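# Reading the structure
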Amino acid sequence: MSILTQDQTKRICDRVLSLSKADECIVSVEGNRIGNIRFARNAVSTAGLSDDTRIEVQVAFGKRQGTATINEFDDKSLERAVRRAEDLARLAPENPEFMPAIAKTAYKASDTFVQRTANIDPEFRAQAAAYAMEACRKKGLVAAGFFTDRASFETVANSNGVFGHQVATSLDFTCTVRTEDGRGSGWVKRSARDVGRFDPREAADVAIEKALRSVDAKALEPGRYTVVMEPSATSDLLTFMIGGFNARMADEGRSFLSKQGGANRLGDKLFDQQVNIWTDPWDKDVPVLPWDGNMMPRERMHLVKDGRINALNYSRFWGQKKGQRAIGTAGNIIMAGTDKNTAELIANTKKGVLVTRTWYIRMVDPQSVALTGLTRDGTFYIENGKVKHPIKNFRFNESPVSMLNNIEEIGKPVVIGGDEANYSMLIPSMKIRDFNFTSLSDAV
């Protein structure tokens, strides 16, 4: 029952709205079917299929709000959820930042659903895992990984006549390969809406090759180096920066885009001329729902243009307070790149470090987006345009704001998948100067 049709969810929403006695009512119906297979030490450890569907009802009496959720769809259960939300609203204090339900609007559908991804079955999942495990057994390596595929729907409606329904699919695959003695490690991540763009053999081969090449890592003195960062490594750092484009955070002094006196840095040039970042719910590679968590319609928005801060995101409350137009919050992040692959960036590097992956990243200073973290699963020394040998992992202290101001070259963007809590991203590999490595790590 997890994937409901538009007609089915329309009937549910209409029923909930008709039951409500509040000043306004907002309904969200969503569900998903998630398949997965997990493997470790060259053997499958778990596999499964989960279904989940739920309804959220939010009502308001004046500025008093209440919310209830339920996963039963009969009339008695729907009425119980509505009455519960209304009871909570009557008890709640007034919300000083209350915004009424949005007016009737039309959503422009985005292409988030691919039927062949929704058709993934246990045999496909098993084959995706089997190639990595079998290839590693033949080479005396040990594989661990996780493949998950998702088909979902979301419907939104309110008492002002708003209605939207959309289905979506996605898949993610991660694989870590290690040598049996634990001295070498490689990793790969692949994400896609369309299973036709996913090749489990290619993905596993990348992790295998990195594991074999990373044995006998040498120590390199910490310091500032030119780095070639693969897209997964870069995206983990950029995610910490993107939240700073919230206008309220910037105006209240809680963002790297804040200025003293309550101003923000809209229009300032903060990054290299090559940096262009935008969000677009209808992008062909990383499409997302055309509304955000508050049912606001999303739009294409150019956040950074030629290194200059071009736009900030205003919530309805903050937009009203500041006299600015509000649109839906971003669901994806896209950064412009070139046709160069990572190998070409390496070939143009006289001396530097290749970083496969960053992890255990923590915020040090929100005002500058200073981060600390470690490299992992394949860090290599580059000399005269070639990967010369593996090196021990580093701890780094660096800010993505500084990184984007120190770009020498940009590569080809690739899809980095997100979930409910993270952005779907289309991010290129990058060659960055003066990246700050502060100490060594013995972990592989």
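Computed from a predicted structure; not experimentally measured.

## Considering the packing of helix α4 (residues 122–138) against helix α5 (residues 200–213)
- In contact at an axis separation of 9 Å, α4 and α5 are set at 35° when each is read in the N-to-C sense. α5 is crossed by α4, and the crossing has right-handed handedness. Contacts from Ala-128, Tyr-131, Ala-132, Ala-135 and Cys-136 of α4 reach α5 at Pro-200, Arg-201, Ala-204, Asp-205 and Ile-208.

## Here we look at the side chain of Ser-255
- Within the element layout of this structure, Ser-255 appears in the loop between α7 (247–251) and β8 (277–279).
- Residue classification places Ser-255 among the buried positions, given a relative accessible area of 2%.
- Among the polar contacts listed, one links the side chain of Ser-255 to the backbone oxygen of Gly-244, at a separation of 2.9 Å.
- Looking at Ser-255, its side chain comes within polar contact range of the main-chain nitrogen of Leu-257, at 2.9 Å.
- When residues no more than four places from it in sequence are discounted, the contact partners of Ser-255 are Gly-244, Met-249, Ala-250, Pro-366 and Gln-367.

## Re helix α6 (residues 231–242)
- Between the first and last C-alpha of α6 there are 16 Å, a value that for 12 residues agrees with the 16 Å anticipated at 1.5 Å per step.
- Three or more residues of α6 are buried, namely Pro-231, Ser-232, Ala-233, Thr-234, Ser-235, Leu-237, Leu-238, Met-241 and Ile-242.

## Considerations on the nonpolar core
- In terms of nonpolar packing, the biggest core is built from 50 residues, with Met-241, Phe-245, Phe-271, Met-335 and Leu-404 touching the most fellow members.
- Top contributing element to this core by residue count: strand β17 (residues 424–441), with 6 residues.
- Filtering out sequence-adjacent residues up to four positions away, Phe-245 remains in contact with Phe-256, Leu-257, Leu-303, Val-304, Ile-309, Ala-311, Leu-312 and Asn-313.
- Counting 26 residues, the second largest nonpolar core, distinct from the first, contains Ala-132, Met-133, Ala-192 and Ile-208.

## Let's talk about the packing of helix α1 (residues 6–19) against helix α2 (residues 75–91)
- At a minimum axis separation of 9 Å, α1 and α2 run at an interaxial angle of 50°. Our classification of the angle between α1 and α2 gives oblique. Seen along the crossing, α1 lies across α2 with a hand that is right-handed. Of the residues in α2, those in contact with Ile-12, Arg-15, Val-16 and Leu-19 of α1 are Asp-75, Leu-78, Glu-79, Val-82, Arg-83 and Glu-86.
- Residue classes in the contact of α1 with α2 are distributed as 5 nonpolar, no polar and 5 charged.

## Focus: the environment of Thr-155
- Within the fold, Thr-155 resides in strand β4 (residues 141–158).
- Sequence separation between Thr-155 and Asp-121 is 34 residues; the distance between their C-alpha atoms is 25 Å.
- Aside from chain neighbours lying at most four places away, what touches Thr-155 is Thr-9, Cys-13, Val-27, Ser-28, Val-29, Phe-163, Gly-164 and His-165.
- At 2.6 Å, the side chain of Thr-155 and the side chain of His-165 are in polar contact.

## A closer look at the domain arrangement of the chain
- Assigned domains of the chain: these are domain 1 (6–212) and domain 2 (217–443).
- Look at where the C-alpha atoms of domain 1 and domain 2 centre, and you get two points 25 Å apart.
- Counting from both sides, the interface comprises 34 residues of domain 1 and, opposite them, 30 residues of domain 2.
- Overall, the association of domain 1 and domain 2 removes approximately 2,700 Å² of surface from exposure, summing both partners, and the carbon and sulfur fraction of that is 57%.
- When residues of domain 1 are sorted by the area they lose upon contact with domain 2, Met-99, Trp-187 and Lys-210 head the list and together hold 24% of the total.
- At the junction of domain 1 with domain 2, the criterion picks out 3 salt bridges.
- The partner of Arg-197 in a salt bridge is Asp-285, and the shortest N-O contact between them spans 2.7 Å.
- Put simply, the parts of the chain that give the side of domain 1 that touches domain 2 at least two residues each are β4, β5 (163–179) and β6 (185–192).
- At 6 residues, β5 tops the list of elements feeding residues into the side of domain 1 that touches domain 2.

Reading the values: rules and limits
Residues numbered from 1 in each chain as written. Predicted model: local features only at pLDDT ≥ 70, side-chain atom pairs only at ≥ 80, totals over all residues. Heavy atoms only, no water. Axes fitted to C-alpha atoms, helices over the stretch in contact; angles between N-to-C directions. Helix = DSSP H or I, 4+ residues; strand = E, 2+ residues; numbered from the N terminus. Left-handed = near helix turned anticlockwise from the far one by under 90°. Contact = heavy atoms within 4.5 Å. Buried < 20%, exposed > 50% of the residue type's maximum accessible area, 1.4 Å probe, protein only. Polar contact = N/O pair within 3.5 Å; in protein donor to acceptor, adjacent residues only side chain to side chain. Expected span 1.5 Å × (residues − 1). Core = buried A, V, L, I, M, F, W, Y, C linked by side-chain atoms within 4.5 Å. Parallel < 35°, antiparallel > 145°, perpendicular 65-115°, else oblique. Nonpolar A, V, L, I, M, F, W, Y, C, P; charged D, E, K, R; others polar. Domains from an automatic or database assignment. Buried area = accessible area lost by both parts, 1.4 Å probe. Salt bridge = Lys/Arg side-chain N within 4 Å of Asp/Glu carboxyl O.

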